[in-house]
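# What the coordinates show
Letter by letter, the chains look like this.
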Amino acid sequence: MSELQQEPTALQGEGRWLLGDPIADERAPDSPVGDRWSDRKFSARLVNPANRRKMTAIIVGTGLAGGAAAATLGEAGYHVKSFCFQDSPRRAHSIAAQGGINAAKNYRNDGDSIHRLFYDTVKGGDFRSRESNVHRLAEVSLNIIDQCVAQGVPFAREYSGLLDTRSFGGTQVSRTFYARGQTGQQLLLGAYSALERQIAAGTVEMHPRTEMLDLIVADGRARGIVTRSILTGRIETHLADVVVLCTGGYGNVYYLSTNAKGSNVTAAWRAHKRGALFANPCYTQIHPTCIPVSGEYQSKLTLMSESLRNDGRVWVPKERGDSRPPNSIPEEERDYYLERQYPAFGNLVPRDIASRAAKNMCDAEQGVGPGGLGVYLDFKDAIGRLGRHAVEAKYGNLFEMYQRITGDDPYEVPMRIYPAIHYTMGGLWVDYDLRSTIPGLFVGGEANFSDHGANRLGASALMQGLADGYFVLPTTVPNYLADGPFDPIDESHPAVVEAVEATKGRIDKLLSANGNRTVDSFHRELGQLIWDQCGMARSKEGLEKALDRLPSLREEFWRDVKIVGTGDGFNQSLEKAGRVADFLELGELMCTDALHREESCGGHFRVEHQTEDGEAQRDDENFAYVAAWEYGADKPGGKPILHKEDLEFSYVHPSQRSYK
Amino acid sequence: MRITLRVWRQKNADAKGKMAKYKLDDVEEDMSFLEMLDVLNEKLILQGEDPVSFDHDCREGICGSCAMVINGTPHGPQKNTTTCQLHMRHFKDGDTIDVEPWRARAFPVIKDLVTDRSAFDQIIQAGGYVSVNTGSAPEAHATPVDKVSADDAFDAATCIGCGACVAACPNGSSMLFTSAKVTHLGLLPQGQPERQTRAINMLAKQDELDFGGCTNVGACAEVCPKGIPLASISQLNHDVLGATLAGARAD
């Protein structure tokens, strides 16, 4: 591979992985943390406006990161080619984010500051994120709000006409800006409208219903992508000077998740197989406030915004197996366990804590609803205190959504919630400039690993997506392009020919299997396995069980999958099959990463590593690093290769996280 | 529940379509409509038949992907609900349900229930934005917005671009979609400088794209899953009139 030519040094973990050389971020300036982004912006080279239009940037994904980056680079005068698998860039999954977006504006005068947002985020991520990146995120958060307001994003306002804010899970200041329960939609429509403006201006060339199936790495640089038109099945190549992936997270590996059904890891995974390191794949976020599973046919899980925890009180019956309707359980027979266990934060503890606490209650047979996999989220007190009208104004659409799905009225009976997979903190490894380990391949938003550590605080995903898209990539991508011009390449380049052939061969192989099982049946089996063994709690035994099963499941998939139809037209089963094939490989890397990390941190909870009272037990001495994995199946040894990036904490000193 | 489905099958844009009948014996009332179609598709695949193609993604009622006419009504019988949020508890055991794609000249069928709604993106390209470049925005609190305007702008901004309004309109008009964006941006101070040109350019574009004209039938607002009111069309007409009187012309 390009920048990591070293030989792996040792076989580790009963031969399940190899240890490679360490890796480091060499792009963050060596200045005080508060000056790094300013210094980086100043040192970044500029491209002459006349030369910009001669340069092409490919941006895959049109969510907050991709849409914003495409619009901004288009505004700057570059020729941008933007790709999404949906029928319109407006449908990227960022649109479904509900709660809000953080920014250190301190409009409330409640003690917030850039440093506090930085501090909270590093601490909330359980000291597994990079200080430089997180500080930049906190700084840029201020510009994001200004930018979005200028675009006409209708954030909630107070009667003064000024912007309203609320507090959000895991923080004690009111720094979350919101647009009712549809903040992601409004922010995405802001980025989308900026993108459409550039499409009209001719700077952005949009390719909807187009899926990236491979990365073209020519002469050591990412120079293009191989795509398949979802409409016609046509395989095409697109060549450029730089490739940016903003393709979201991989939560759908679990089959059931809050992700949109189309969200997938394919673009990132194929880039990984072309040499980009994949960092911290075992860090997945389980969101505590989702609607519980109702049946076998279930296709996805629905998140109820975390903002509900501002006013809803979480409880379970004190008595095991108490099956009485919630409203007939008297106050003294209820266990408001978050308020009891974490008095300082109560119902607002961070997501990992809230999720695990719900699981513990259900494991102790105090869960409610079908199968005992649920806890109550009760608004009775809030309605009594604020009145139904005020609660309706704040959460009306969420209550409606809940009622639609469950048939229950949450104004009358408490909601039932249970944790579900929501976000993935792992992703392609990037340095401070969001460069992957393949020169010319940048990664933004949820698709990279960089800002959230082992746990993402609420209202931070939208912040990272827009920070990367509007501000970071538009600075660092031109700095890379200033290295050019790169040697021109065309369709006849061996790397292009090889990538196209590999893509076609893969599709032919899927179509020729003609087996007996549907794609979804494999996906469900994979999802259940990963949820059971690499979900809210992981153990050595369970992870090894999964690692033993996955290769045979993969083999069965390629032998026995049944796809009806051909590759030369609209074929949704074929699309799904390609994605599930990648999830089957990624799942193995997730389990390997979870197995190697002999500690608990954030969303990664190894049952062997917990404190006496059941909290996550971090091991900073041995595991304060990013685990960046090199694809190894095609290399000597045939195992994934682990490169460690040591994390340094000069400004936020690691301490046991306590929310008591 | 036992359900009989009559589904529009059309191999591709050029092929002739027809309704096909399928019987399902194991539908549960907690299933969403799309989950019921998933169950049908699993069966079809195992029988070696082409599964029914349909657009869907978030399955939370917000992305606007899912689009089908159910028993003659876009998104089905439940008010203010997208198809992905419609649950089978709203149907009865033994029901026969007709499922068809959006029917509108500007939304050609791609396959089965999937249509091409890219015309909506083109309407937005005609002016559905505030022309602000990244990095040049003033401090957010520098421009207060009165709460009523902000709330009304938000209500209009909730449009998900699903196209149900067009599918329900006997004229195939996109007036409700266009007016929602015009209302959203026209109510905010940030949207004022381009208010008149936005309205006339977007209106001109929808005419050019083969959407029909608005004759105030009101079917659009009836089926809108986000409850965008008919009044937003009045707002668009008001803005267009203002623009015309001011002598503004479409680009």
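Once a new chain begins, its residue numbering starts again from 1 and follows that chain's sequence as written. Think of it this way: whatever chain is written first is A, whatever ligand is written first is 1, and the rest follow in order. The predicted origin of the model limits local features to residues at a pLDDT of at least 70 and limits the giving and counting of side-chain atom pairs to 80 or more, whereas totals for whole chains, interfaces and linings rest on all residues. Side-chain numbers come from the whole structure's heavy atoms, not from hydrogens or water.

The name an unreviewed UniProt entry gives chain B is Succinate dehydrogenase iron-sulfur subunit, with Actinomycetospora corticicola as the organism. UniProt positions are given in the numbering used here, feature names are shortened, and annotations may be inferred rather than shown by experiment. The annotation that UniProt attaches to chain B under Catalytic activity (unreviewed entry) is "a quinone + succinate = fumarate + a quinol". Heading Sequence similarities (unreviewed entry) of the UniProt record for chain B holds this comment: "Belongs to the succinate dehydrogenase/fumarate reductase iron-sulfur protein family."

Identification of chain A as succinate dehydrogenase from Actinomycetospora corticicola is taken from an unreviewed UniProt entry. In its Sequence similarities (unreviewed entry) section, the UniProt record describing chain A reads: "Belongs to the FAD-dependent oxidoreductase 2 family. FRD/SDH subfamily." Under the heading Cofactor (unreviewed entry), UniProt records this for chain A: "FAD".

Bringing the packing of helix 13 (residues 494-513) of chain A against helix 15 (residues 540-560) of chain A into the picture now. Residue and element names in this part refer to chain A. Their axes nearest at 6 Å, the elements helix 13 and helix 15 cross at an angle of 75°. What the angle tells us is that helix 13 and helix 15 run roughly perpendicular. Contacts from Arg506, Lys509, Leu510 and Ala513 in helix 13 reach Phe557, Trp558 and Arg559 in helix 15. Only C-alpha atoms enter the line fits that serve as axes; for helices the fit covers just the stretch in contact. Angles between N-to-C directions range over 0 to 180 degrees. A run of H or I in DSSP counts as a helix once it spans at least four residues, and a run of E counts as a strand once it spans at least two, with each numbered from the N terminus. Under this scheme an angle from 65 to 115 degrees is roughly perpendicular, one under 35 degrees roughly parallel, and one over 145 degrees roughly antiparallel; angles in between are oblique. It only takes one pair of heavy atoms within 4.5 Å for two residues to be counted as in contact.

A cis geometry characterises the amide bond from glycine 484 of chain A onward to proline 485 of chain A, with omega recorded as 5°. You can see proline 485 of chain A is positioned in the loop between helix 12 (461-481) and helix 13. At asparagine 106 of chain A, a position not held by glycine, the phi torsion is positive, near 55°. By the secondary structure assignment, asparagine 106 of chain A is in the loop between strand 5 (101-102) and helix 4 (114-124). One non-glycine residue with positive phi stands out, namely histidine 75 of chain B, at about 70°. Mapped onto the fold, histidine 75 of chain B is located in the loop between strand 4 (73-74) and strand 5 (96-100).

Residues and elements named next belong to chain A. Read across the open sheet, the six strands follow the order 1-2-22-21-13-19; overall the sheet is mixed. Two strands bound the open sheet, and with one partner strand each, they are strand 1 (10-12) and strand 19 (427-428). Following DSSP output, two strands are said to pair if at least two bridges run between them. One ladder, built from six bridges, connects strand 21 (residues 625-630) with strand 22 (residues 641-646); its direction is antiparallel. Its bridge partner lying in strand 22, tyrosine 625 is registered against aspartate 646. Here helix 16 (residues 572-596) sits on the sheet and contacts strand 2 (17-19), strand 13 (278-279), strand 21 and strand 22; the angle it forms with strand 21, its principal contact strand, is near 145°.

Turning our attention to the UniProt feature "active site" (unreviewed entry) in chain A. All names here are of chain A. Look at the UniProt record and you will see "active site" (unreviewed entry) annotated at Arg351. Tracing the backbone through its elements, the reader meets arginine 351 in helix 9 (residues 351-363). Take arginine 351: its relative accessible area is 5%, and that puts it in the buried class. Once residues within four sequence positions are removed from consideration, arginine 351 is found in contact with Phe168, Gln285, Ile286, His287, Pro288, Glu306, Arg309, His422, Asn455, Arg456, Gly458 and Ala459. Polar contact criterion, stated in full: a pair of N or O atoms within 3.5 Å, where within protein one must be able to donate a hydrogen and the other to accept it, and residues adjacent in sequence count only if both atoms are side-chain atoms. At a separation of 2.9 Å, a polar atom in the side chain of arginine 351 contacts the side chain of glutamine 285. Think of it in three bands: residues with accessible area under 20% of the maximum for their type are buried, residues over 50% are exposed, and the middle band is partly exposed, with areas taken using a 1.4 Å probe on protein chains only.

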